[in-house]
Amino acid sequence: MGRPRRRNKPFKPFNQSNKHRVNNRIRAEEVRVVAENGDQVGIKPVAEAIDIAQEAGLDLVEVAPNASPPVCKIIDYGKFKYELQKKESLAKKNRTENTLKEVKLRYCTDTGDLNTKLRQARKFLENGSKVKFSMRFRGRERAFMKLGREKLDHIVDRLSDVANQDGNSNYNGHQLSIILEPS
């Protein structure tokens, strides 16, 4: 015997394609109609506004449903959706994400490992990300905080051609950290 069927249908998320009401899906009795070229046609009953749109070979699209009365525009709905999609993708493309990358090291990290970490940090900085260098001290290592500060100063000097230090080095509890931002 198989598993019993689910009786409840799964929740269907809000579909972006149904974001605007079109033609016969408009619920209001009267709407403010705007022509394709942007001229105000006036406040009309929905049936009359749909007739005007169909005569022009276009759709009546509810643009501002919360207005009183709702604002509807006579446009080609397919073209309208395409332009909205284009605007969203352009906005997404132009958005810059300022990310913070963290590089962890110890006060006793040797030169070879340090060079590798600095090379990686340089890549992050050249890509426009901020880089946080954090150094943790455990137990008796807290006696070597001075060596840790010197190592962080050395890192700032090595990356000074591509980065600026963002504030001073932070010390909280048993951890030292600095943040470098691209210059």
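Below you will find a few notes about this structure.

Cut-offs used in this document
- Residues numbered from 1 in each chain as written.
- Predicted model: local features only at pLDDT ≥ 70, side-chain atom pairs only at ≥ 80, totals over all residues.
- Heavy atoms only, no water.
- Helix = DSSP H or I, 4+ residues; strand = E, 2+ residues; numbered from the N terminus.
- Contact = heavy atoms within 4.5 Å.
- Pairing = 2+ DSSP bridges.
- Salt bridge = Lys/Arg side-chain N within 4 Å of Asp/Glu carboxyl O.
- Buried < 20%, exposed > 50% of the residue type's maximum accessible area, 1.4 Å probe, protein only.

### A word on the overall build of the protein
Looking only at helices and strands, the protein has four helices and nine strands in total. Helices and strands in the protein line up, N terminus first, as β-β-α-β-β-α-β-α-β-α-β-β-β. Residue pairs in contact within the protein that sit at least 24 positions apart in sequence constitute 56% of those at least 6 positions apart.

### Here we look at the pairing of strand E4 (residues 71–75)
By the bridge criterion, three bridges tie strand E1 (residues 30–34) to E4 in an arrangement that is parallel. Residue pairing in the sheet places Arg32 in a bridge with Val71 of E4. Between strand E3 (residues 59–64) and E4, which pair antiparallel in sequence order, lie six residues.

### Focus: the pairing of E1
Sheet topology note: the E1/strand E2 (residues 40–45) ladder contains five bridges and is antiparallel. Residue Val33 lies in a different strand from E2, and its bridge partner there is Gly42. Counting the residues in the hairpin turn of E1 and E2 gives five residues, including Gly38, whose phi is positive at 100 degrees.

### Structural notes on the pattern of salt bridges
Inspection of every chain in the model, using the stated rule, returns five salt bridges. For Glu62, the salt bridge goes to Arg21, with nearest N and O atoms at 2.9 Å. In this pair, Glu62 sits in strand E3 while Arg21 sits in the segment before E1, placing the two residues 41 residues apart along the sequence. A relative accessible area of 4% means that Glu62 is categorised as buried. In this structure, Asp166 and Lys130 form a salt bridge, with 3.7 Å as the shortest nitrogen-oxygen distance. In this pair, Asp166 sits in the loop between strand E7 (163–165) and strand E8 (170–172) while Lys130 sits in strand E6 (residues 130–136), placing the two residues 36 residues apart along the sequence. With relative accessibility at 33%, the residue Asp166 sits in the partly exposed group.

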